[in-house]
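These are the residues of each chain, in order.
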Amino acid sequence: MKTPKRYTITSALPYANGPVHIGHLAGVYIPSDIYTRYLRARGADVISVCGSDEHGVPITITARREGVTPQQVVDKYHGMIKEAFERFGIAFDVYSRTSSPRHHRTASDFFRRLYDQGDFIEQTTEQYYDPEAKQFLADRYITGTCPRCQNERAYGDQCEKCGSTLSPTELIDPKSAITGAAPILKETKHWFLPLDRYEGFLREWILEGHKEWKPNVYGQCKSWIDGGLLPRAVSRDLDWGIPVPVEGAEGKVLYVWFDAPIGYISATQELFEQRGDPDGWKPYWQDDETKLVHFIGKDNIVFHCIVFPSMLKAHGDYILPENVPANEFLNLENDKISTSRNWAVWLHEYLAEFPGKEDVLRYTLCANAPETKDNDFTWRDFQARNNNELVAIYGNFVNRALVLTEKYFGGTVPPVGPLTEFDQQTLAELAGCKRLIEENLEAYRFREALRELMNIARLGNKYLADTEPWKVAKTDLDRVATILHVALQITANLALASGPFLPFTAGKLFGMLGADKFAWDRLGAADLLPEGHRLGTPALLFEKIEDSVVEAQLAKLEATKQANQAASATVAPQKETIQFDDFAKMDIRVAQVTAAEKVEKTQKLLKLTVDTGIDTRTIVSGIAEHFTPEQMVGKRVLVLVNLAPRPLKGIESQGMILMAETPDGKLVIVSPDGEAPAGSIVG
RNA sequence: GGCGAGGUAGCUCAGCUGGUUAGAGCGCAUGAUUCAUAAUCAUGAGGUCGCCGGUUCAAGCCCGGCUCUCGCUACCA
């Protein structure tokens with residue numbers, strides 16, 4: 001694309017089912033904010049849109065658990081998230097939400113347009129229905145016994161105990177999570193977006209047309225497209241969401257991933273309604289000369305590169321994203337960030353505990369952003385980057401330049417005299433920083449761009465060290481004037497270049513320089529501050545972070561870890577009472593493993609040959625991650641021998657080896673302690 | 001198991017279509033310096049570029065195999 005007329009920047013809609021943490025910031029919002037601020041500084045026509053994603057099943061589950069309405073859940077988190085972004089200076093033009101009437105209308109119209117054009121496939125299937133609650137049950141709303149591990153609290157989509165992916169009809173003894181009633185199978189109609197029809201379009205648009213996308217994004221897309229795309233359901237039986245705008249679709253809502261990306265569009269509409277220009281949003285979404293960029297995390301690639309573009313293409317009026325610079329994930333102290341395990345640095349907590357240090361976190365997260373692979377955030381690294389880079393290099397240079405000027409020239413920009421060769425060299429290098437920062441930003445290389453910003457401060461420190469104005473002052477004050485004049489120009493450039501990255505610091509620094517903002521185009525100029533200009537009051541931009549602060553944060557995480565361990569160490573409650581007869585039905589025998597081998601093309605399965613005393617039989621067991629075949633051969637084990645045979649990967653498994661599972665998921669073989677020949681009955 | 005991404009100095013990362021002694025920042029060591037929040041500046045140590053094999057006059061970069069990490073997926077009594 002040649003120079004775009006305008007830009008539409010979107011940032012992934014955070015899911016309003018919890019607060020936001022540093023992973024969100026590092027992966028999506030810091031990059032999008034830097035990019036947006038940079039474009040604005042250049043005077044580009046740009047809008048940055050975002051909002052809360054407020055539909056979907058998990059929110060209804062949270063609401064039920066907390067005894068409140070879904071609306072109350074999203075109101076709470078929408079407020080928290082919005083405030084956290086504002087306080088970190090994430091400068092969206094609009095931060096909307098998908099529960100708004102505006103969005104409901106837009107998403108509904110979008111669906112209806114595709115429906116009228118015949119872009120959907122209608123399909124009727126049988127699904128579980130709760131006759132008492134009079135509603136269809138989402139997979140998550142059905143519990144029952146896992147057919148694989150007999151866990152009695154498996155969900156319709158997954159058993160959290162054994163990790164199996166399930167379908168609700170597989171559950172033994174299914175129950176509605178709402179009323180506890182036994183659900184019945186009932187016919188229901190759903191609409192599917194036939195992604196397979198867009199395969200050719202996607203192949204040409206991405207695989208041919210966007211080879212410049214980041215390798216992780218391009219590779220994922222290629223993987224999906226080559227793997228063959230399937231029709232995807234875009235409606236759900238649920239009472240929380242946007243009603244499907246079709247006759248006979250009572251009780252059905254749009255699938256959250258259908259409505260969420262449309263939220264970008266409705267947020268833009270809301271923005272222009274506020275501006276009193278209701279049609280003003282259109283060029284930002286429908287004009288070929290608009291550059292649309294989606295900032296997301298890697299978990300969103302398929303929706304932003306495959307599903308949403310197919311929707312936009314089907315609709316027909318919309319432009320497609322020019323790029324989707326997805327980041328990888330950020331870990332915290334060597335462990336995955338997890339909301340449910342409370343393993344995170346929450347933004348609202350950081351803001352409370354580190355007031356005035358928004359830019360420190362912005363800096364740290366940008367410098368260590370997971371641009372090409374997952375990265376780790378550690379508090380030690382946070383401290384080191386603050387103390388060794390922001391304080392020592394950036395803050396110190398600014399302080400030196402200002403203090404020296406105060407001392408020798410009373411805080412006024414001194415006149416510039418003849419420039420030495422070294423002065424000229426330094427200014428030439430300063431002039432070069434503009435191109436370097438711009439090139440990196442436009443290629444979405446934010447870490448590298450930030451490094452170039454710091455190089456301005458490094459250049460300043462080196463300049464002062466080499467020219468030694470404090471020594472020259474004893475003999476030649478005119479020369480000192482020139483030196484500090486140059487040093488102050490470097491400082492002013494540092495302030496200007498900092499704007500997109502460290503907005504709070506840039507603001508403070510402009511105040512200390514007694515200057516208003518400069519146009520971005522002037523970056524690199526040697527005459528930002530004129531001779532005689534009166535500077536403002538110097539102050540420290542950053543302060544050291546002591547060890548004790550870091551230790552307190554580490555202790556907090558350690559406490560979380562221990563709380564989690566305590567929780568997972570809780571022994572599972574006793575199952576419901578059974579009769580002796582129930583137990584007596586089970587035929588458990590002592591057996592000996594005589595052979596063992598890994599099942600081909602699986603990760604967890606071992607094929608075991610066991611002597612049960614009765615016979616020699618084959619049992620397939622999902623223990624390959626815990627035991628090698630060599631370890632198993634010769635082991636005496638307990639086997640449930642009259643379990644119905646079940647084929648696994650084409651091998652009939654004739655029984656089940658009993659294992660004890662520890663709270664942290666390790667398997668331990670249960671074995672007779674003493675002489676007991678194969679075939680001995682356990683009971 | 002399949003697919004995708006990644007494995008380069010202690011840490012975080014660059015290395016363009018293969019071509020001189022593999023680079024940067026932070027950390028570390030030594031020296032200089034004192035205007036500055038003991039900050040700065042210079043110099044240096046430190047890498048068999050995950051492992052094995054191949055193509056080539058030449059490979060971190062290309063090809064084959066293996067291995068480890070992350071994600072998706074399959075599969076887990």
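Caption draft 1: Fine view of the overall build of chain A. Summing up its helical and strand segments, chain A has 20 helices and 26 strands in all. The dimensions of chain A, computed from C-alpha atoms along their principal axes, are 105 × 65 × 50 Å. Within chain A, the fraction of its 683 residues that count as buried is 52%. Restricting the contact set of chain A to residue pairs at least 6 apart, pairs at least 24 apart contribute 73%. For chain A, the exposed area adds up to about 31000 Å²; of that, 50% sits on carbon and sulfur atoms.

Caption draft 2: Examining the environment of Gln424 more closely. Within the secondary structure, Gln424 is located in helix α13 (residues 421-442). In sequence terms Gln424 and Val217 are 207 residues apart; their C-alpha atoms lie 43 Å from each other.

Caption draft 3: Just the nonpolar core, in detail. Core analysis: the biggest nonpolar cluster contains 172 residues, and Ile22, Leu25, Ile206, Phe258, Leu361 and Phe377 have the highest contact counts within it. Among the elements that take part in this core, helix α16 (residues 477-498) stands out by supplying 13 residues, more than any other. Those residues in contact with Leu361 that sit more than four places away from it in its chain are Ile22, Leu25, Phe88, Leu347, Tyr350, Phe377 and Phe382. Judged by nonpolar contacts, the second largest core, of 17 residues, contains Val610, Ile623, Val637 and Val639.

Caption draft 4: Spotlight on the packing of aromatic side chains. Enumeration according to the criterion identifies 34 aromatic pairs in this entry. Ring plane angle 35° and centroid distance 5.2 Å describe the contact between Tyr35 and Tyr444, whose orientation is recorded as tilted. Separated by 409 residues along the polypeptide, Tyr35 in helix α1 (residues 22-41) and Tyr444 in the loop between α13 and α14 (446-467) bring together distant segments of the chain. For the pair shown, Tyr35 and Tyr444 are each scored as buried. Centre to centre, the rings of Phe110 and Phe258 are 6.1 Å apart; their planes meet at 80°, and the pair counts as edge-to-face. Here Phe110 is found in helix α4 (residues 101-116), whereas its partner Phe258 is found in helix α7 (residues 256-274), with 148 residues between them in sequence. Each member of the pair, Phe110 as well as Phe258, carries the same accessibility label: buried. Through a chain of ring-to-ring contacts, the aromatic side chains of Phe110, Phe111, Phe120, Trp191, Phe258, Trp281, Trp285 and Tyr318 assemble into a single cluster. Sitting over the face of the ring of Phe272, Arg275 holds its NZ or CZ atom 5.1 Å from the ring centroid.

Caption draft 5: Summary view of the sheet that holds strand β16 (residues 375-377). Strands sit in the order β15-β14-β16 across an open sheet of three strands; the sheet is mixed. Each of the sheet's edge strands pairs with one partner strand only, and the pair in question is β15 (335-336) and β16. For strand β14 (residues 330-332) and β16, the ladder comprises three bridges, and the chain directions are parallel. Directly across from Leu330, in β16, lies its bridge partner Asn375.

Caption draft 6: Expanded view of the sheet that holds strand β1 (residues 6-11). The strand order across the open sheet built from four strands is β3-β2-β1-β13, with neighbouring strands paired in parallel fashion. Both outer strands of the open sheet, β3 (94-97) and β13 (290-295), are each paired with one neighbouring strand and no more. Strand after strand, the sheet turns through a mean of 20° between neighbouring axes, direction not considered. By the bridge criterion, six bridges tie β1 to β13 in an arrangement that is parallel. When the bridges of β13 are listed, Arg6 appears paired with Thr290. Of the strands in this sheet, β1, β2 (46-52), β3 and β13 are in contact with α7, which crosses β2 at around 115°.

Caption draft 7: Structural view of the side chain of His485. Residue position: His485 is located in helix α16. Overall, the relative accessible area of 7% leaves His485 in the buried class. Beyond its immediate chain neighbours, meaning those up to four positions away, His485 contacts Val413, Pro414, Pro415, Val416, Ala526, Leu529 and Glu531.

Caption draft 8: The arrangement of the pairing of strand β20 (residues 636-640) in detail. Counting buried residues along β20, four of its five residues qualify, which places the element largely inside the surrounding structure. Here strand β17 (residues 588-598) runs beside β20; their pairing, made up of five bridges, is antiparallel. Each bridged residue has a counterpart across the sheet, and for Val590 the counterpart in β20 is Leu638. Across two bridges, β20 lies against strand β23 (residues 656-657) in antiparallel orientation. Pairing of Val639 across the sheet is with Ile657, part of β23.

Caption draft 9: Representation of the pattern of salt bridges within the structure. Here the structure, examined in full by the defined rule, presents 40 salt bridges. Close ionic contact of Lys434 with Glu438 constitutes a salt bridge, the shortest N to O distance being 3.1 Å. Placement of both Lys434 and Glu438 in helix α13 is noted, with a separation of four residues, approximately one turn of the helix. Judged by its relative accessible area of 15%, Glu438 is buried. It is possible to trace a salt-bridge network through shared partners that takes in Glu199, Arg203, Lys222 and Asp226.

Caption draft 10: Inspection of the packing of α4 against helix α9 (residues 301-315) at higher detail. Across the interface, α4 lies against α9 with an axial gap of 9 Å and an inter-helix angle of 65°. Relative to α9, α4 is oriented so that their crossing is left-handed. Between α4 and α9, the residues in contact are Phe110, Arg113 and Leu114 and Met311, Leu312, Ala314 and His315, respectively. Class assignment for the residues of the contact of α4 with α9 results in five nonpolar, one polar and one charged.

Caption draft 11: A look at a nonpolar patch on the surface. Taken together, the side chains of Ile578, Phe580, Phe583 and Met586 define a hydrophobic patch exposed on the protein surface, amounting to about 410 Å² of accessible area. Taking the relative accessible area as the measure of exposure, Phe580 reaches 63% and is therefore exposed.

Caption draft 12: Structural detail: unusual backbone geometry. The phi dihedral of Glu333 is positive, around 45°, even though this residue is not glycine. Examined against the element boundaries, Glu333 turns out to sit in the loop between β14 and β15. The partly exposed category is assigned to Glu333, whose relative accessible area is 21%. The backbone phi angle of Tyr444 is positive, close to 60°, even though this residue is not glycine. Take Tyr444: its relative accessible area is 9%, and that puts it in the buried class.

Caption draft 13: Summary view of the packing of helix α12 (residues 379-409) against helix α17 (residues 503-513). Look at α12 against α17: their axes get within 12 Å of each other, and the N-to-C directions meet at 10°. Of the possible angle classes, the one that applies to α12 and α17 is roughly parallel. In contact with Tyr394, Val398 and Leu402 of α12, α17 contributes Thr505, Leu509, Met512 and Leu513. The residue makeup of the contact of α12 with α17, split by class, is six nonpolar, one polar and no charged.

Definitions and limits used
Residues numbered from 1 in each chain as written. Chains lettered and ligands numbered in written order. Predicted model: local features only at pLDDT ≥ 70, side-chain atom pairs only at ≥ 80, totals over all residues. Heavy atoms only, no water. Helix = DSSP H or I, 4+ residues; strand = E, 2+ residues; numbered from the N terminus. Buried < 20%, exposed > 50% of the residue type's maximum accessible area, 1.4 Å probe, protein only. Contact = heavy atoms within 4.5 Å. Areas by Shrake-Rupley, 256 points an atom, 1.4 Å probe, with all protein chains shown as cover. Core = buried A, V, L, I, M, F, W, Y, C linked by side-chain atoms within 4.5 Å. Phe/Tyr/Trp six-rings, centres within 6.5 Å; stacked < 30°, edge-to-face > 60°. Lys NZ or Arg CZ within 6 Å of the ring centre and 35° of its normal. Pairing = 2+ DSSP bridges. Axes fitted to C-alpha atoms, helices over the stretch in contact; angles between N-to-C directions. Salt bridge = Lys/Arg side-chain N within 4 Å of Asp/Glu carboxyl O. Left-handed = near helix turned anticlockwise from the far one by under 90°. Nonpolar A, V, L, I, M, F, W, Y, C, P; charged D, E, K, R; others polar. Patch = residues over 30% accessible without salt bridge, like charges linked within 9 Å, V, L, I, M, F, W, Y side chains within 5 Å. Parallel < 35°, antiparallel > 145°, perpendicular 65-115°, else oblique.

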